[in-house]
Amino acid sequence: MDVMRQLKSRLSYANVTATIALFLALGGGAAFAAGKIGPRDIAPGAVRTNAIHKRAVISGKIAGGAVRGNQVARNALGSDQIKPGSIRPDSLQVPVTSLAAPSGGAFDVTAVGSANYPLANASWTQSPGQVNLLAGEVNATLALDEASGKGSCQVFVAVRANGGTIGTAQMDVSNTALAAHHADIEFSPLIDPTSSRTNALTVQISSLYCAAGSQIDSSRFRVMGIG
């Protein structure tokens, strides 16, 4: 009872007020104040970079269009950060377009002489101001006809666009057993026309001294438009 009387005798308005103030300062007041702070209570420029916790800002907190090109650091974005299919050929400063994919199948080259080699999907439209680049390859099974007395089976491939030669390839084979061979074709570009035109690709095959069973197995071409 003496302890209680001594405690009550020391309680005063000032003591109680100081105790409450201390409680608020140690956490209770901070939690209360945080719940009452709104956007209008934050002065412009008050929240600085070093006040934002690492990884505190997530994608869902960034407004659409808020990050512009001049805000992205040089070399910050790599191929892993670009969504597949998000960059289309027609969105490039210089558009690149796949225009045609001609191809051909098996063709006998045993006979001496020249012949037209049939192609599928061999025509396309070239637009004004557009340069066309071509790439191609030929796969063959060839052998030298030993009875010819010559040094090699020779196959010449001439690729033409609208009658003019734009690409060639040659295969010289000295083995007398049939074997697989490959040749890449080198092309000249088709310069941009002043008006739209339809281009047609044709191929002529010439052969000499090739054994029976020698043939072109397949061919394929790609036509790309730039501009």
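Residues numbered from 1 in each chain as written. Predicted model: local features only at pLDDT ≥ 70, side-chain atom pairs only at ≥ 80, totals over all residues. Heavy atoms only, no water.

1. Comments concerning the pattern of salt bridges
Two side chains bearing opposite charge may form a pair once their charged atoms approach each other closely.
Logical step 1: With the rule as written, the count across this model stands at one salt bridge.
Logical step 2: A salt bridge links glutamate 137 to arginine 220, with the nearest nitrogen and oxygen atoms 2.7 Å apart. Here glutamate 137 is found in strand β6 (residues 131-142), whereas its partner arginine 220 is found in strand β11 (residues 215-226), with 83 residues between them in sequence. (Salt bridge = Lys/Arg side-chain N within 4 Å of Asp/Glu carboxyl O. Helix = DSSP H or I, 4+ residues; strand = E, 2+ residues; numbered from the N terminus.)

2. Let's talk about the confidence of the model for the protein
Logical step 1: Considering every residue of the protein, the mean pLDDT works out to 83; 77% of them sit at 70 or more.
Logical step 2: Averaged pLDDT values for the elements of the protein fall to 55 in helix α1 (residues 2-10) and rise to 98 in strand β2 (residues 103-104). (pLDDT = per-residue confidence, 0-100.)

3. Details of the pairing of strand β7 (residues 153-161)
Logical step 1: Two strands pair when backbone bridges link them, and β7 and strand β8 (residues 164-173) are joined in this way by nine bridges, in the antiparallel orientation. Among the inter-strand pairings, alanine 161 is bridged to a residue of β8, identified as glycine 164.
Logical step 2: Between the antiparallel neighbours β7 and β8 lie two residues, among them asparagine 162 with a positive phi of about 55°.
Logical step 3: In this sheet, strand β10 (residues 197-208) lies alongside β7 in antiparallel orientation, the contact comprising eight bridges. Following the sheet pairing, arginine 160 is matched in β10 by threonine 202. (Pairing = 2+ DSSP bridges.)

4. What to know about the environment of leucine 178
Logical step 1: Structurally, leucine 178 is set in the loop between β8 and β9 (179-187).
Logical step 2: Residue classification places leucine 178 among the partly exposed residues on the basis of a relative accessible area of 46%.
Logical step 3: Those residues within four positions of leucine 178 in sequence are excluded, and the remaining contacts are Thr141, Leu142, Ala143, Ala212, Gly213 and Ser214. (Buried < 20%, exposed > 50% of the residue type's maximum accessible area, 1.4 Å probe, protein only. Contact = heavy atoms within 4.5 Å.)

5. Comments concerning the state of the cysteines
Logical step 1: Inspection of every chain in the model, using the stated rule, returns one disulfide.
Logical step 2: Between the sulfur atoms of cysteine 153 and its disulfide partner cysteine 210 the distance amounts to 2.0 Å. With the S-S dihedral at roughly 80°, the linkage between cysteine 153 and cysteine 210 falls on the right-handed side. Residue cysteine 153 is found in strand β7, and its partner cysteine 210 is found in the loop between β10 and β11; the two are separated by 57 residues along the sequence. (Disulfide = S-S within 2.5 Å.)

6. Some points on the side chain of serine 219
Logical step 1: By the element assignment, serine 219 lies in strand β11.
Logical step 2: Reaching out from serine 219, the side chain makes a polar contact with the side chain of tyrosine 117 at a distance of 3.2 Å.
Logical step 3: Ignoring any residue separated from it by four or fewer positions in sequence, one finds serine 219 in contact with Ser103, Gly104, Tyr117, Leu119, Glu137 and Val138. (Polar contact = N/O pair within 3.5 Å; in protein donor to acceptor, adjacent residues only side chain to side chain.)

7. Topic: the nonpolar core
Logical step 1: With 31 residues, the main nonpolar core has Val155, Val157, Leu201, Ile205 and Ile216 as its most contacted residues.
Logical step 2: Looking at this core, the elements with two or more residues in it are β6, β7, β8, β9, β10 and β11.
Logical step 3: Looking at this core element by element, the count peaks at five residues for β7.
Logical step 4: Residues within four places of valine 157 in sequence aside, it is in contact with Val138, Gly167, Thr168, Ala169, Ile185, Val203, Gln204 and Ile205. (Core = buried A, V, L, I, M, F, W, Y, C linked by side-chain atoms within 4.5 Å.)

8. Here's the deal with the side chain of asparagine 199
Logical step 1: Along the chain, asparagine 199 falls in strand β10.
Logical step 2: Note on asparagine 199: relative accessible area 0%, which makes it buried.
Logical step 3: Excluding residues within four positions of it along the chain, asparagine 199 makes contact with Ala122, Ser123, Trp124, Gln126, Asn132, Asn162 and Leu190.

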